[in-house]
Amino acid sequence: MRLYATVAAGGFRRHATYRVATAAGVFTNTVFGFILSYTYIALWDARPSLGGYTMSDALAYVWIGQALITVCGLMGGGFEDELIERIRTGDIAVDLYRPADLQAWWFSANLGRSAYQLLGRGVLPMVFGALAFDLTLPSSAWTWLAFLGSVALGSIVSFAVWYLVAMSAFWLLDGQGVVQVAWLGGLFFSGMLLPLAVFPGALGEVARVLPWASLLQVPADVYLGRYEGWALLNAFGFQACWALVLLAAGRVAQVAATRKVVVQGG
């Protein structure tokens, strides 16, 4: 455990060194937050209480999305390109022979990255949004804690998704096609464009049970107090189940990849 704690700390420090990139990310997230906010204002003026959200709820949803875009890997996990490149060049063989678990190593590094992104790029856009617009804010410390717990689970689901995406490069000459599909899926089915609650009919029902809903829709609804009591536990269970299923799938892919490397190496 000490090894992986060190890897997580290293992941935090690694991203903390890119201060200019962090500042640029905060600026970009804030600008897009304003653009989306005024788009949502126009939409909710025309359709009040759309999806069961008030105007303040909808605006809060926008800024939660901007805060979590890198924390929960809504448009990329932040590590998959590096892992795919190591697989493509064959350097991954060295990683697999190390006395450390590949999945746990990357999970720890991503944990440090997510923690830094939450502090470095998550807090400030939310503060700017709250100063500029009338956002719904949690009424209790417990809601804030539940929100942070949901964000943590969403980050784990995100890692599991992107780890599987990266591992696909063992069987494909180039993993970028899978990356693009996952990127589009995350952008649409996480609720980044619009809350999944406003998706009509069967599309909405399907979208709400896909793993990408764990990345933004569920944390945002926890923040907005739409889950209480058993409903909150069910929301956490939904995220935890997807995390376990996808991590297990990543483990199976890793075992298969290790066998492939051993066979080719032999």
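Residues numbered from 1 in each chain as written. Predicted model: local features only at pLDDT ≥ 70, side-chain atom pairs only at ≥ 80, totals over all residues. Heavy atoms only, no water.

## Digging into the packing of aromatic side chains
Two aromatic rings are characterised by how far apart their centres lie and by the angle between their planes.
Turning to step 1, where the next piece is worked out: Scanning the entire structure with this criterion turns up 18 aromatic pairs.
Turning to step 2, where the next piece is worked out: An angle of 85° between the planes, with centres 5.5 Å apart, marks the rings of Phe34 and Trp63 as edge-to-face. Note that Phe34 is positioned in helix H2 (residues 19–46) and Trp63 in helix H3 (residues 55–68), a separation of 29 residues in sequence.
Turning to step 3, where the next piece is worked out: On the accessibility criterion, Trp63 (0% relative accessible area) is buried. (Phe/Tyr/Trp six-rings, centres within 6.5 Å; stacked < 30°, edge-to-face > 60°. Helix = DSSP H or I, 4+ residues; strand = E, 2+ residues; numbered from the N terminus. Buried < 20%, exposed > 50% of the residue type's maximum accessible area, 1.4 Å probe, protein only.)

## Regarding helix H6 (residues 102–132)
Turning to step 1, where the next piece is worked out: In a regular helix each residue adds 1.5 Å, so 31 residues correspond to 45 Å; H6 covers 44 Å between its end C-alpha atoms and thus fits that length.
Turning to step 2, where the next piece is worked out: With a side-chain oxygen lying 3.2 Å from the backbone nitrogen of Gln103, the N-terminal cap of H6 falls on Asp101. (Expected span 1.5 Å × (residues − 1). Polar contact = N/O pair within 3.5 Å; in protein donor to acceptor, adjacent residues only side chain to side chain.)

## Let's talk about empty space enclosed by the protein
Turning to step 1, where the next piece is worked out: Evaluated as defined, the whole model comprises 1 cavity of 30 Å³ or more.
Turning to step 2, where the next piece is worked out: Roughly 40 Å³ of volume is contained in the largest cavity.
Turning to step 3, where the next piece is worked out: In terms of lining residues, the largest cavity is bounded by Leu36, Tyr40, Tyr61, Val62, Gly65, Gln66, Gly191, Met192 and Leu216.
Turning to step 4, where the next piece is worked out: Those elements that place two or more of their residues in the lining of the largest cavity are H2 and H3.
Turning to step 5, where the next piece is worked out: Ranked by the residues each element gives to the lining of the largest cavity, the list is headed by H3, at 4 residues.
Turning to step 6, where the next piece is worked out: A per-class count over the lining of the largest cavity returns 6 nonpolar, 3 polar and no charged. (1 Å grid on protein atoms, 1.4 Å probe; cavity = no way out; pocket = protein on both sides within 12 Å on 5 of 7 lines; lining within 4 Å. Points joined across faces, edges and corners; volume = space filled by probe spheres on them. Nonpolar A, V, L, I, M, F, W, Y, C, P; charged D, E, K, R; others polar.)

Remember, this is a structural readout, not a statement about activity or role.
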